[in-house]
Structures are given as structure tokens and as C-alpha cells.
Amino acid sequence: MKITTSTAGKVCIALLLLALLPMMAQAQTMPIPVDEDAIEMEAAHDSQGGLERVVVMFCIIAAGIGLVISFLGFLKHIRTLILAVIVLLLSGVQIYFISQTSGFTFYLPSVVGWKWAAIWFACFTVFLLVQIYIYMMTLKCITPIPEVVGNSIIVPLISVLLLFVALLASIFFMGIENYIFRIFIGIQAANAVFVLIYSIVKIGFVRGIIYTIVFTSGMAAIGLMAYDVIVVAVVALFGLFFTQNIITKYAQGGFTQVKVRDSSGNIRYRWGDEIQPGDEKMS
């Protein structure tokens, strides 16, 4: 199956756009962590605050430069080189920061409060969309064959969808998250090997090696950065589904008890959404 760069990019962006609305719903439904957790998060924020600010500022500047460069097609190979360097720098800094710290804390409700958490998380999601765009543009510039990008990205896209479903399932089956992510990481590792072989065959050894390095590092960084977005989307989706059921049940009179005479002439009390054909409502 062949998937073009444009299609892959649109699907990837569509997945992350789901997080913009869910965050607003999460801000109203998720409880603030207990005091001990909140204190621990605030302590982590204070201890890594300086480094986090530097990393955030660097990522914003690098992404801004990458976004501008991506539109300068007349630079040709120079544009490809600059974009590849930006993707590798962004990926390296993000992977290092997340692996050495407790992760980004500037959008945690326990640290900045619900209002600013919603605002900063929305900004974080927009930044992530920009990073994905730069990443996809870089891959497109490296290879002259669009199908290489499409066929490389298909496994990560499918695995993200499966991860989304698996995280929904983990709400009902506690303790399976570790197994889910081990399987997810194994799939990505296998895909990296496939991308290396496939890209070398399609676009040559040197270009294939460069493509694989950029593809793998960029995918790893985006995956780590998108973790909170996916989790928030899962929680919010479940919350919205539950809320919709409550509203539907209320609209059908599911919380109202009604006295009726059934088809056999017996007096019964039924809930509003359980009234059957032949029931006669009684005052």
C-alpha cells in the first residue's frame, strides 16, 4: 500500500488536533493531584525550571527558523541540510531533557493552575503540530520519492491509533500500560530496521542512511512529546462519551420515574426511558 507524504502528514496532524478540544474538557473534569503529588511536581518544576526554560526557548526558536526555512524552496539542497540539522537538534534536546528530568511541567495544573495549564497545553499542542510539519517537510526534501515517506510513516501511524485504543482499554484494565508501551516501542524499533533497508533500496545508501537517522530521531522525539497529548485525548474522549450518555439518558427521561398501567392492567413504576409499548401513563 502506498501513502503519499501529503496524506501521511494530514493524518498525523489530524490525530494531534484531537487534543486541542479535549484539553478544555479535561480542565473541568480531572482532579488536581493529592497534596503529596502536587508538592513533588512543584519541587521537580523548581529544580529543573531553569533548564526547562532554556529548552523551551531553544525549541521555539529552532522551530521558528525551521518553519521559515521550509518555505524557502529556492535554497534547494541548503534548505534540506538546514531542516535536517534543525530536526536532529530539536530531537536531541527534547529526548535528552525528557530522559534526564520528569518531563515538561509548564502545563501541569498542579504547577500553574487549571487556567494556565489549559492555555499552555494548547500552545504546546500547536508547537507540536509545527514540529510535525517541519519533520514531514524534512523527510520530503531528503527523498525525491514521496512513497518512501508514506510507506515509512504508515506503521507509526497505525501503531499510534492502536496505542490510542489500548490506552482507552487500560482505563478498564489497570496495570497494562507498561506492556502496552513495551509493545509500542518494539514496533517502532522493527519499523526503524524496515525504514533503513527500504530507504537504502529506494534512494541509495548515503541518502538512505541520512533519511533513516532523521526519520528515527524525529519520530522518537515526537512520540515522547506527544505522550501527554495522547493521554489527555484518551481521558477526555472517555469523559465526553460518558457525559454524552448521561445527557442522552436525561433527555429520554432516564432519571424520571413514571407510574404506568401496563398492557396486562397492572400498575407499575418505570423509569422514563424504560416505558414500553402498551404502557398507559397515570397521573
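**What about the overall build of the protein chain?**
Here comes step 1: Regarding its fold elements, the protein chain presents nine helices and three strands.
Here comes step 2: Helices (α) and strands (β) of the protein chain occur, in sequence order from the N terminus, as α-α-α-α-α-α-α-α-α-β-β-β.
Here comes step 3: When each of the 283 residues of the protein chain is scored for burial, the buried share is 40%.
Here comes step 4: Across the protein chain, the fraction of contacts at a sequence separation of at least 24, relative to all contacts at a separation of at least 6, is 68%.
Here comes step 5: As displayed, the protein chain has an accessible area near 16000 Å², and 70% of this comes from carbon and sulfur atoms.

**Some remarks on the packing of helix α4 (residues 77–100) against helix α8 (residues 205–225)**
To characterise two packed helices, one gives the angle between the axes of the helices and the distance between these axes.
Here comes step 1: At a closest axis distance of 9 Å, the pairing of α4 and α8 adopts a crossing angle of 45°. As far as their axial angle goes, α8 and α4 are oblique. Of the two elements, α4 crosses α8, and the hand of that crossing is left-handed. When α4 is examined against α8, the residues Ala84, Val87, Leu88, Ser91, Gln94, Ile95 and Ile98 are found in contact with a partner set consisting of Ile213, Val214, Ser217, Gly218, Ala220, Ala221, Leu224 and Met225.
Here comes step 2: For the contact of α4 with α8, the per-class residue count stands at eleven nonpolar, four polar and no charged.

**A word on the environment of Thr125**
Here comes step 1: One can find Thr125 in helix α5 (residues 109–142).
Here comes step 2: Separated by 104 residues in sequence, Thr125 and Val229 have C-alpha atoms that sit 7.3 Å apart.
Here comes step 3: Of the polar contacts made by the side chain of Thr125, one reaches the backbone oxygen of Phe121; its length is 2.9 Å.

**Description of the side chain of Thr143**
Here comes step 1: Here Thr143 lies in the loop between α5 and α6 (146–170).
Here comes step 2: Given a relative accessible area of 4%, Thr143 falls into the buried group.
Here comes step 3: Of the polar contacts made by the side chain of Thr143, one reaches the backbone nitrogen of Ile145; its length is 3.0 Å.

**Observations concerning the confidence of the model for the protein chain**
Here comes step 1: For the protein chain, the mean per-residue pLDDT works out to 77, and 71% of the residues sit at or above 70.
Here comes step 2: Per-element averaging of pLDDT across the protein chain places helix α2 (residues 20–29) at the bottom with 42 and α4 at the top with 93.

**Brief notes about the side chain of Glu52**
Here comes step 1: For Glu52, the position within the fold is in helix α3 (residues 35–70).
Here comes step 2: For the buried Glu52, no salt bridge exists, and the shortest N-O distance to an oppositely charged side chain is 7.8 Å, to Arg53.
Here comes step 3: Only 3.0 Å separates the side chain of Glu52 from the backbone nitrogen of Phe106, close enough to count as a polar contact.

**Comments concerning the nonpolar core**
When a protein is soluble and globular, its nonpolar side chains tend to lie buried together.
Here comes step 1: Core analysis: the largest hydrophobic core is formed by 42 residues, its most contacted members being Phe104, Tyr135, Tyr211 and Phe215.
Here comes step 2: Secondary-structure elements contributing two or more residues to this core are α3, α4, α5, α6, α7 (177–203), α8 and α9 (227–251).
Here comes step 3: Element by element, the count of residues in this core is highest for α5, at eleven residues.
Here comes step 4: Of all hydrophobic cores here, the second largest spans five residues; its members include Leu163, Ile180, Phe181 and Ile230.

**Quick look at the packing of aromatic side chains**
Here comes step 1: By the definition in use, this model includes twelve aromatic pairs.
Here comes step 2: Consider the rings of Phe104 and Phe106, whose centres lie 6.0 Å apart with planes at 75°: the pair is edge-to-face.
Here comes step 3: Take Phe104: its relative accessible area is 8%, and that puts it in the buried class.
Here comes step 4: An aromatic cluster of three or more residues is present, and its members are Phe97, Phe104, Phe106, Tyr107, Phe121 and Phe124.

**Some words on α4**
Here comes step 1: With 24 residues, α4 should reach 34 Å at 1.5 Å per residue; the first-to-last C-alpha distance of 34 Å fits that figure.
Here comes step 2: For α4, the full list of buried residues reads Arg79, Thr80, Leu83, Ala84, Ile86, Val87, Leu90, Ser91, Gln94, Phe97 and Ile98.

**What about empty space enclosed by the protein?**
Here comes step 1: In this structure the tally under the stated criterion is one cavity of 30 Å³ or more.
Here comes step 2: Taken as a whole, the largest cavity holds about 40 Å³ of empty space.
Here comes step 3: Those elements giving two or more residues to the lining of the largest cavity turn out to be α4, α5 and α8.
Here comes step 4: Grouping the constituent residues of the lining of the largest cavity by class yields five nonpolar, three polar and no charged.

**Remarks on a nonpolar patch on the surface**
Here comes step 1: Taken together, Phe58, Leu81, Val85 and Leu89 make up a surface patch of nonpolar side chains, about 340 Å² in accessible area.
Here comes step 2: The topology assignment puts Leu81 in helix α4.
Here comes step 3: Leu81 gets classed as exposed once you look at its relative accessible area, which sits at 57%.

**Concerning the packing of α4 against α5**
Here comes step 1: For the pair α4 and α5, interaxial distance at closest approach is 9 Å and the crossing angle is 135°. Viewed along their axes, α4 and α5 adopt a mutual orientation that is oblique. Handedness of the crossing formed by α4 with α5: left-handed. Here Arg79, Thr80, Leu83, Ala84, Val87, Leu90 and Gln94 of α4 come into contact with α5, specifically with Phe127, Gln131, Ile134, Tyr135, Met137, Thr138, Cys141 and Ile142.
Here comes step 2: Residue classes in the contact of α4 with α5 are distributed as ten nonpolar, four polar and one charged.

How each quantity is defined
- Residues numbered from 1 in each chain as written.
- Predicted model: local features only at pLDDT ≥ 70, side-chain atom pairs only at ≥ 80, totals over all residues.
- Heavy atoms only, no water.
- Helix = DSSP H or I, 4+ residues; strand = E, 2+ residues; numbered from the N terminus.
- Buried < 20%, exposed > 50% of the residue type's maximum accessible area, 1.4 Å probe, protein only.
- Contact = heavy atoms within 4.5 Å.
- Areas by Shrake-Rupley, 256 points an atom, 1.4 Å probe, with all protein chains shown as cover.
- Axes fitted to C-alpha atoms, helices over the stretch in contact; angles between N-to-C directions.
- Parallel < 35°, antiparallel > 145°, perpendicular 65-115°, else oblique.
- Left-handed = near helix turned anticlockwise from the far one by under 90°.
- Nonpolar A, V, L, I, M, F, W, Y, C, P; charged D, E, K, R; others polar.
- Polar contact = N/O pair within 3.5 Å; in protein donor to acceptor, adjacent residues only side chain to side chain.
- pLDDT = per-residue confidence, 0-100.
- Lys, Arg positive; Asp, Glu negative; His and termini not counted.
- Salt bridge = Lys/Arg side-chain N within 4 Å of Asp/Glu carboxyl O.
- Core = buried A, V, L, I, M, F, W, Y, C linked by side-chain atoms within 4.5 Å.
- Phe/Tyr/Trp six-rings, centres within 6.5 Å; stacked < 30°, edge-to-face > 60°.
- Expected span 1.5 Å × (residues − 1).
- 1 Å grid on protein atoms, 1.4 Å probe; cavity = no way out; pocket = protein on both sides within 12 Å on 5 of 7 lines; lining within 4 Å.
- Points joined across faces, edges and corners; volume = space filled by probe spheres on them.
- Patch = residues over 30% accessible without salt bridge, like charges linked within 9 Å, V, L, I, M, F, W, Y side chains within 5 Å.

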